[in-house]
Every structure is written in C-alpha cells, then in structure tokens.
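# Examination of the molecular architecture
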Amino acid sequence: MSRALARTAAAGAAVALVALGAAPASAHTTLKSADPASNSTVAPPSKIVLTYADPVMVPQVVLTDASGGRHEAGKAQAVDNTVTETVSGTLPNGVYTVGWRVVATDGHPVKGSFTFTVKGSTSPQAQTSAPAPGPSTAPAAAGEDSGGSSGWLWIGLGALVVALIGGGVAWSRRAGEG
Ligand SMILES: [Cu+2]
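In short, a report on the structure. Just so you know, these numbers come straight off a predicted model, no measurement behind them.

Donor atoms from the polypeptide that bind the copper ion are His28 (ND1), Asp106 (OD) and His108 (ND1), placed at 1.9 to 2.0 Å. Spacing between the donor residues of the copper ion along the chain follows H-x77-D-x1-H. Remark: His108 occurs in the loop between β7 (94-104) and β8 (109-118) and His28 occurs in the loop between α1 (3-22) and β1 (31-35); sequence separation between them is 80 residues. With a relative accessible area of 36%, His28 lands in the partly exposed category.

Let's shift gears to unusual backbone geometry. The amide bond that connects Asp35 to the next residue, Pro36, takes the cis arrangement and shows omega of 0°. If you trace the backbone, Pro36 turns up in the loop between β1 and β2 (41-42). With a phi angle near 55°, Asp80 is a residue other than glycine that sits in the positive phi range.

Oppositely charged side chains can pair when the atoms bearing their charge come close. Overall, the coordinates contain 1 salt bridge when judged by the stated rule. Between Arg70 and Glu72 there is a salt bridge, with the nearest N and O atoms lying 2.4 Å from each other. On the accessibility criterion, Glu72 (17% relative accessible area) is buried.

What follows is about the sheet that holds strand β6 (residues 82-87). Spatial strand order, β1-β3-β6-β5: 4 strands in an open sheet with antiparallel pairing. Here the strands that pair on one side only, and so sit at the sheet edges, are β1 and β5 (72-79). Mean inter-strand twist for the sheet, computed between neighbouring axes without regard to direction, equals 15°. In this structure, β1 lies alongside strand β3 (residues 47-52), joined through 4 bridges in antiparallel fashion. What sits directly across from Ser33, in β3, is Thr51.

Another point: the packing of aromatic side chains. Summed over the entire model, instances satisfying the criterion amount to 2 aromatic pairs. When the ring of Tyr52 is compared with that of Trp100, the centres are 5.1 Å apart and the planes differ by 75°; the resulting orientation is edge-to-face. Residue Tyr52 is located in strand β3, and its partner Trp100 is located in strand β7; the two are separated by 48 residues in the primary sequence. Taking the centre distance of 5.8 Å and the plane angle of 25° together, the rings of Tyr96 and Phe116 count as stacked. Of this pair, Tyr96 sits in strand β7 while Phe116 sits in strand β8, and the two are 20 residues apart along the sequence. The class of Phe116 is buried, set by a relative accessible area of 1%.

Cut-off values and rules
- Residues numbered from 1 in each chain as written.
- Predicted model: local features only at pLDDT ≥ 70, side-chain atom pairs only at ≥ 80, totals over all residues.
- Heavy atoms only, no water.
- Donors = N, O, S within 2.8 Å, 3.2 Å for Na, K, Ca; no water.
- Helix = DSSP H or I, 4+ residues; strand = E, 2+ residues; numbered from the N terminus.
- Buried < 20%, exposed > 50% of the residue type's maximum accessible area, 1.4 Å probe, protein only.
- Salt bridge = Lys/Arg side-chain N within 4 Å of Asp/Glu carboxyl O.
- Pairing = 2+ DSSP bridges.
- Axes fitted to C-alpha atoms, helices over the stretch in contact; angles between N-to-C directions.
- Phe/Tyr/Trp six-rings, centres within 6.5 Å; stacked < 30°, edge-to-face > 60°.

Shape is all these values report; function is a separate question.
Given below as structure tokens:
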C-alpha cells in the first residue's frame, strides 16, 4: 500500500469514527451555516448571521477580537432558525471569534464557536502594540519554525481558548442568574 493510500485510509477511518461519535442519540440542533462563514476571510461584516437546523431561542452571540475585545452591538435576535447579531462599528482587520449559544425547541442548549478573518478594513487597528502576553509570544526568529503559519495557528488556538473560557464563564454566570 502506498504511503498516500495509507494516509487516506487512516483519514477515512478517523472521519468515520468522528461521524459515529457525533451521531446524536437525541437530535440536538446544529449550526448549519454562518455568515461570515467559519474560517472565511471577509470585508468587515455589519452583522453575524447564524442559521440552525431547527428553530432556536434564547440566543447569545459573543464576537471577540484576538485581544479579547468585544464587538457585538446589542443582544442577538432569533427568528425561526436564524440568529442575527449586529456588529458594533467597522471591524479592523484581524481574526475574530464568534461564540454562540442557543436553546433548541427540545430544550437542550447548544453552543459552539468559530473564527473568521477581516481583511481590507478601513478601520484603524484598535491595538497595534504587543499581543496578549503569554509564555511564548516571541518565537525564535531563526528557529526550526520555518513558516509563520504555525505561529498564527497557535495565536488562533490561544484566542479560541480564551474566547471559549470567557464565553463559558459568561454563560454559566448568566445561567446561574436565571
Ligand atoms: Cu437535544
């Protein structure tokens, strides 16, 4: 078996496992599409639109930049299967994380997050100084890390983790109040 074929087979097995694991015993709703789409690069959006497989209620959407700054304007609105969150102002270029939470008609809360990138914005960067401090913010200039992509990946993952933790805390607080 060729190496490529083996890799394909392994990937296929992994996908099958994931599909099996993700197959819901009860049908919670799922996010079908988003605008801006996950991992897309877009001009500054005026709103975030999330479309679910089922009608949803009690929507919560948090839009954070890489520094943790918030960019949503007002509360998210749910109409049938669609949740809309207005974006505050014009987003500067950068990577943004959308964290969302909804309650489906079966009463089960569902949440998730994704990122998108804003490019071609005329809005000045809010912060051009150092990114959020961390133990390894400065990768060695001439290290074995030949490409910048893995650095960006880590920054993105870090931002995602921060957003998830922040969102989780905010949501659990709100849940506690309610
Ligand atoms: Cu459910």
